[in-house]
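For reference, the chains in residue letters:
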Amino acid sequence: MSPTQIVVTVLVILVVAAVAAALVVANRRRTLRQRFGPEYDHVIAEQDSRSAAERELRDRERRHAELELVPLDPAARARYAEAWEELQVRFVDSPAETVGQADELVTRLIAERGYPTGDFSDQIAHLSVEHARTLSHYRDAHEIHLRNSRGEASTEDLRQALVHYRALFADLLGEELASRTPEQRQPDAAHDATNR
């Protein structure tokens, strides 16, 4: 082999290796984007670089794999759904208190499913692996809950908090909840029949 052929062969090998490495990185990125959805962009915005953000997301996947998550049995699922319905009914009379109770109920559900419930940012990190599409709701609800505890949230803010909590709550339950807020409830059929 001539020196020129050796140089060309080495260059071809380097180009093939570079293309293969780029494809691996692109595939990893695509997989993370698909798994984390909007949380991918959120973490990118928070980190210094894309590679640091992707390292964080892979670390979340690793920590999540170490959890012992448990599905809810039908009785627990029904109990939580009923508790949520009761919260929605209480909202009309005491919105500020109800938002605090919604936060507690969501935290209990998170714990029962097997997620850690200590630090809020750790909760977000662990939940992001399977519930990334509802995390923006959880962040917004939590922020309103904190403003509420300082006396800075309006009734409309509190209504929005309940809507946001419901999104994560339903995702954790694995089922749809009634999406009406208390002021949107329809009178029951018996009430309608007596007024006819």
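Residues numbered from 1 in each chain as written. Predicted model: local features only at pLDDT ≥ 70, side-chain atom pairs only at ≥ 80, totals over all residues. Heavy atoms only, no water.

Asks: Quick one: what's the story with the overall build of the protein, residue by residue and with numbers?
Replies: Along its length, the protein carries nine helices and zero strands. Helices (α) and strands (β) of the protein occur, in sequence order from the N terminus, as α-α-α-α-α-α-α-α-α. In the protein, once contacts between residues fewer than 6 apart in sequence are set aside, the share between residues at least 24 apart is 62%. Accessible area of the protein: about 11,400 Å², with a carbon and sulfur share of 54%. (Helix = DSSP H or I, 4+ residues; strand = E, 2+ residues; numbered from the N terminus. Contact = heavy atoms within 4.5 Å. Areas by Shrake-Rupley, 256 points an atom, 1.4 Å probe, with all protein chains shown as cover.)

Asks: Go over the nonpolar core with me, naming the residues and quoting the values.
Replies: Grouped together as the largest cluster of nonpolar side chains are 31 residues, with contacts concentrated most on Trp84, Ile110, Leu127, Tyr138, Tyr165 and Phe169. Here this core gets eight residues from one element, more than from any other, and that element is helix H8 (residues 155-173). Discounting chain neighbours no more than four positions away, the residues touching tyrosine 165 are Trp84, Val99, Ala102, Asp103, Val106, Tyr138, Ala141, His142 and His145. Grouped together as the second largest cluster of nonpolar side chains are seven residues, Phe36, Tyr40, Leu57 and Val129 included. (Core = buried A, V, L, I, M, F, W, Y, C linked by side-chain atoms within 4.5 Å. Buried < 20%, exposed > 50% of the residue type's maximum accessible area, 1.4 Å probe, protein only.)

Asks: Before we move on, can you summarise the pattern of salt bridges with the specific residues and values?
Replies: In the structure shown here, the tally under the stated rule is 13 salt bridges. Ionic pairing is found between arginine 33 and aspartate 41, a salt bridge with its closest N-O pair at 3.4 Å. Salt-bridge contacts for arginine 60 lead to glutamate 56; the nearest nitrogen and oxygen are separated by 2.9 Å. Here arginine 60 and its partner glutamate 56 are both found in helix H3 (residues 50-65), four residues apart, which amounts to about one turn of the helix. (Salt bridge = Lys/Arg side-chain N within 4 Å of Asp/Glu carboxyl O.)

Asks: Report on the confidence of the model for the protein, specifying residues and quantitative values.
Replies: Residue-level pLDDT values for the protein average 85, and 89% of them are 70 or greater. Per-element mean pLDDT across the protein ranges from 38 in helix H9 (residues 189-194) up to 95 in helix H5 (residues 95-113). pLDDT under 50 marks residues 180-196. Its contacts with residues more than four places away, or in other chains, come to 18 contacts. (pLDDT = per-residue confidence, 0-100.)

Asks: I'd love a proper account of a nonpolar patch on the surface, names of residues and values included.
Replies: Judged by side-chain polarity, Met1, Ile6, Val7, Val10, Leu11 and Leu14 come together as a nonpolar surface patch covering roughly 600 Å² of accessible area. Note that valine 7 resides in helix H1 (residues 3-36). (Patch = residues over 30% accessible without salt bridge, like charges linked within 9 Å, V, L, I, M, F, W, Y side chains within 5 Å.)

Asks: Break down the packing of aromatic side chains for me, citing the residues and quoting the values.
Replies: One pass over the full model with this rule turns up four aromatic pairs. Measuring from centroid to centroid gives 4.8 Å for tryptophan 84 and phenylalanine 169, while their planes differ by 25 degrees, and the two rings are stacked. Linking tryptophan 84 in helix H4 (residues 74-91) with phenylalanine 169 in helix H8, this pair joins segments that are 85 residues apart in sequence. Joined through ring pairs, the aromatic side chains of Tyr80, Trp84 and Phe169 make up one cluster. (Phe/Tyr/Trp six-rings, centres within 6.5 Å; stacked < 30°, edge-to-face > 60°.)

Asks: Can you lay out the environment of valine 43 for me, pointing to particular residues and giving the numbers?
Replies: Among the secondary structure elements, valine 43 is positioned in helix H2 (residues 38-46). A sequence separation of ten residues divides valine 43 from alanine 53, and the C-alpha atoms of the two residues are 5.7 Å apart. Here valine 43 is in contact with Ala53, Glu56, Leu57 and Arg60, once residues within four sequence places are set aside.

Asks: With reference to specific residues and values, describe H4.
Replies: Its 18 residues give H4 an end-to-end C-alpha distance of 26 Å, which sits within 8% of 26 Å, the value for a rise of 1.5 Å per residue. Of the surrounding elements, those touching the buried residues of H4 are H5 and H8. Its side-chain oxygen placed 3.0 Å from the backbone nitrogen of alanine 75, aspartate 73 serves as the N-cap of H4. (Expected span 1.5 Å × (residues − 1). Polar contact = N/O pair within 3.5 Å; in protein donor to acceptor, adjacent residues only side chain to side chain.)

Asks: How would you summarise helix H7 (residues 135-149) if you had to cite specific residues and measurements?
Replies: For H7, with 15 residues, the first-to-last C-alpha span of 21 Å sits near the 21 Å given by 1.5 Å per residue. The complete set of buried residues in H7 reads Leu135, Tyr138, Ala141, His142, Ile144, His145 and Asn148. Residues of H7 that are buried sit in contact with H2, H5, helix H6 (120-131) and H8. Phi for glycine 151, located one or two positions after H7, is positive at around 75 degrees.

Asks: Help me get a handle on the packing of H7 against H8, residues and values and all.
Replies: One way to put it is that H7 packs onto H8 with a least axis distance of 8 Å and a crossing angle of 145 degrees. Remark: the crossing between H7 and H8 carries left-handed chirality. The residues of H8 that touch H7, namely those facing His137, Tyr138, Asp140, Ala141, His142, Ile144, His145, Arg147 and Asn148, are Asp157, Leu158, Gln160, Ala161, His164, Tyr165, Ala167 and Leu168. Across the contact of H7 with H8, the residue classes break down as eight nonpolar, six polar and three charged. (Axes fitted to C-alpha atoms, helices over the stretch in contact; angles between N-to-C directions. Left-handed = near helix turned anticlockwise from the far one by under 90°. Nonpolar A, V, L, I, M, F, W, Y, C, P; charged D, E, K, R; others polar.)

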